[in-house]
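# Per-entry structural report
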Amino acid sequence: MKTLLGRRTRLLAATTATAGLVLVAGCSSSDSGSGKTTVKGVHLVKGGQLTTCTHLPYPPFQSEINGKVQGFDVSLIDLVAKDLGVKQQILDTPFENFKTGAFLNSGQCDLAAAGMTITAERKKNVDFSDPYFDATQAVLVDKKSGVNSLADVKAKGKKLGAQAQTTGEDYVKSKGYDPISFESSDAVLNGLRTGQVQAVVIDYPVVQGWLKDKANADAFKVVDNLKTGEQYGFTVKKGNTALLAAVNKAIKDAKADGTYKKLYEKWIGPYDASVASPAAS
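Thresholds, definitions, all that
- Residues numbered from 1 in each chain as written.
- Predicted model: local features only at pLDDT ≥ 70, side-chain atom pairs only at ≥ 80, totals over all residues.
- Heavy atoms only, no water.
- Axes fitted to C-alpha atoms, helices over the stretch in contact; angles between N-to-C directions.
- Helix = DSSP H or I, 4+ residues; strand = E, 2+ residues; numbered from the N terminus.
- Parallel < 35°, antiparallel > 145°, perpendicular 65-115°, else oblique.
- Left-handed = near helix turned anticlockwise from the far one by under 90°.
- Contact = heavy atoms within 4.5 Å.
- Pairing = 2+ DSSP bridges.
- Nonpolar A, V, L, I, M, F, W, Y, C, P; charged D, E, K, R; others polar.
- Buried < 20%, exposed > 50% of the residue type's maximum accessible area, 1.4 Å probe, protein only.
- pLDDT = per-residue confidence, 0-100.
- Disulfide = S-S within 2.5 Å.
- 1 Å grid on protein atoms, 1.4 Å probe; cavity = no way out; pocket = protein on both sides within 12 Å on 5 of 7 lines; lining within 4 Å.
- Points joined across faces, edges and corners; volume = space filled by probe spheres on them.
- Salt bridge = Lys/Arg side-chain N within 4 Å of Asp/Glu carboxyl O.

## A look at the packing of helix H1 (residues 72-84) against helix H10 (residues 241-257)
Running from N to C, H1 and H10 point in directions that differ by 110°, and their axes come no closer than 9 Å. As the angle between them shows, H1 and H10 are arranged roughly perpendicular. For the pair H1 and H10, the sense of crossing is right-handed. Across the interface between the two elements, Leu 79, Val 80 and Asp 83 of H1 pack against Ala 246, Val 247, Lys 249, Ala 250 and Ala 254 of H10.

So, in structure tokens, the structure goes:
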């Protein structure tokens, strides 16, 4: 099981269209001696860049491909960076920090993008953007397990896995299951591959990505799609209204001009128009 990746922080360059952009004179100001910058009214924790906290890997939203971080979330936040005229840098951090907003509060990141569900509990610690994605939880099983539903996992005495600190894990626990927790989505899949568990519950778009691999499609199948009413949002430090407005504007513009649809089809799959206009829950 891969557990070390999420336990440390790493700074990674995102493959963004803004990589070559620099701050434009007259549009920004530096805070004396701090290296911090204000761009178009948005205060950035590091001059010349939009610093994004995430937790890797979580394809198709963010993962390292050929040494660079790419994915749906990365591409959307790239649009925010482009509007501000800066480049995006990504900091890989443990997922539990997203619940508390620790890295936002400590000034290590400007925002967080991690395929994160908007919940009332998390809203106590961070401010969420407008929802940008509707998600469901999928139950993926080993085809040889004899499991044909979530209920079968318990009825047939099989082992269930989930990613730690996620709403998928919370959901199955609320239904009386005792899942084996894995640190990352890669570790969840590895647990299924190696027989540590016979079924896993995780966000459906992640499963979609896994099943694009023929070996996974041959070995595993989706037996349940749990409609939990989840919506993803990006987060900023409580009270950071300027950056929140910039993020919401980028999401709105992307949906209006067709960019969102193109990115959705590139990273997730066939476009479902209902995800483009989710209402805040």
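There is more to say after this.
## A look at the sheet that holds strand E12 (residues 160-163)
Spatially, 5 strands are ordered E13-E12-E14-E11-E15 in an open sheet, and the strand pairing comes out mixed. A strand with exactly one partner marks an edge of an open sheet, and here the two such strands are strand E13 (180-182) and strand E15 (220-232). Mean inter-strand twist for the sheet, computed between neighbouring axes without regard to direction, equals 25°. Direction of pairing for E12 relative to E13: parallel, over a ladder of 3 bridges. Paired with Gln 163 across the two strands is Phe 182, which belongs to E13.

## Quick look at the packing of H1 against helix H11 (residues 259-267)
Running from N to C, H1 and H11 cross one another at 155°; their axes reach a closest spacing of 9 Å. The pairing of H1 with H11 is recorded here as roughly antiparallel in orientation. For the pair H1 and H11, the sense of crossing is right-handed. Across the interface between the two elements, Phe 72, Ser 75, Leu 76 and Leu 79 of H1 pack against Thr 259, Tyr 260, Leu 263, Tyr 264 and Trp 267 of H11. Considering only residue class, the contact of H1 with H11 consists of 7 nonpolar, 2 polar and no charged.

## As for the environment of Ala 135
Relative to the elements of secondary structure, Ala 135 occurs in strand E11 (residues 133-142). Given a relative accessible area of 4%, Ala 135 falls into the buried group. For the pair formed by Ala 135 and Asp 203, sequence separation is 68 residues and the distance between their alpha carbons is 6.7 Å. The contacts of Ala 135, once residues within four sequence positions are left out, are Asp 203, Thr 228, Glu 230 and Tyr 232.

## Quick notes on the confidence of the model for the protein chain
Averaged over all residues, the pLDDT of the protein chain is 85; the fraction at 70 or higher stands at 84%. Taken together, the stretch residues 1-9 has pLDDT below 50 and engages in 28 contacts with residues farther than four places along the chain or on a different chain. Low pLDDT, under 50, characterises residues 15-35; the predicted model gives this stretch 39 contacts beyond four residues in sequence or across chains.

## So, the state of the cysteines
For the structure shown, the criterion picks out 1 disulfide. Covalently, Cys 53 is tied to Cys 109 through a disulfide, its sulfur atoms 2.0 Å apart. One quick way to see it: the torsion about the S-S bond of Cys 53 and Cys 109 is about 65°, and its sign makes the bridge right-handed. Placement of Cys 53 in strand E5 (residues 49-54) and of Cys 109 in the loop between helix H3 (102-105) and strand E9 (111-112) is noted, with a sequence separation of 56 residues between them. Cys 109 shares its class with Cys 53; the two are buried.

## What about the side chain of Arg 122?
For Arg 122, the location among the structural elements is in helix H4 (residues 120-123). Setting aside anything within four residues of it in sequence, one finds Arg 122 in contact with Phe 95, Lys 99, Met 116, Thr 117, Phe 128, Gln 165, Thr 166 and Thr 167.

## Some thoughts on empty space enclosed by the protein
A complete count under the given rule lists 3 cavities of 30 Å³ or more for this structure. The computed volume of the largest cavity comes to approximately 110 Å³. Taken together, His 55, Tyr 58, Gln 62, Phe 95, Ala 114, Gly 115, Thr 117, Arg 122, Gln 163, Thr 166, Thr 167 and Asp 203 make up the lining of the largest cavity. Here the residues of the lining of the largest cavity sort into 3 nonpolar, 7 polar and 2 charged.

## Examining the pattern of salt bridges
Tallied over the full model, the rule gives 7 salt bridges. Between Lys 214 and Asp 218 there is a salt bridge, and its shortest N-O distance comes to 2.8 Å. Here Lys 214 and its partner Asp 218 are both found in helix H9 (residues 214-219), 4 residues apart, which amounts to about one turn of the helix. Its relative accessible area of 61% is what places Lys 214 among the exposed residues. For Lys 261, the salt bridge identified is with Glu 265, shortest N-O distance 2.8 Å. With Lys 261 and Glu 265 both in helix H11 and 4 residues apart, the pair spans about one turn of that helix.

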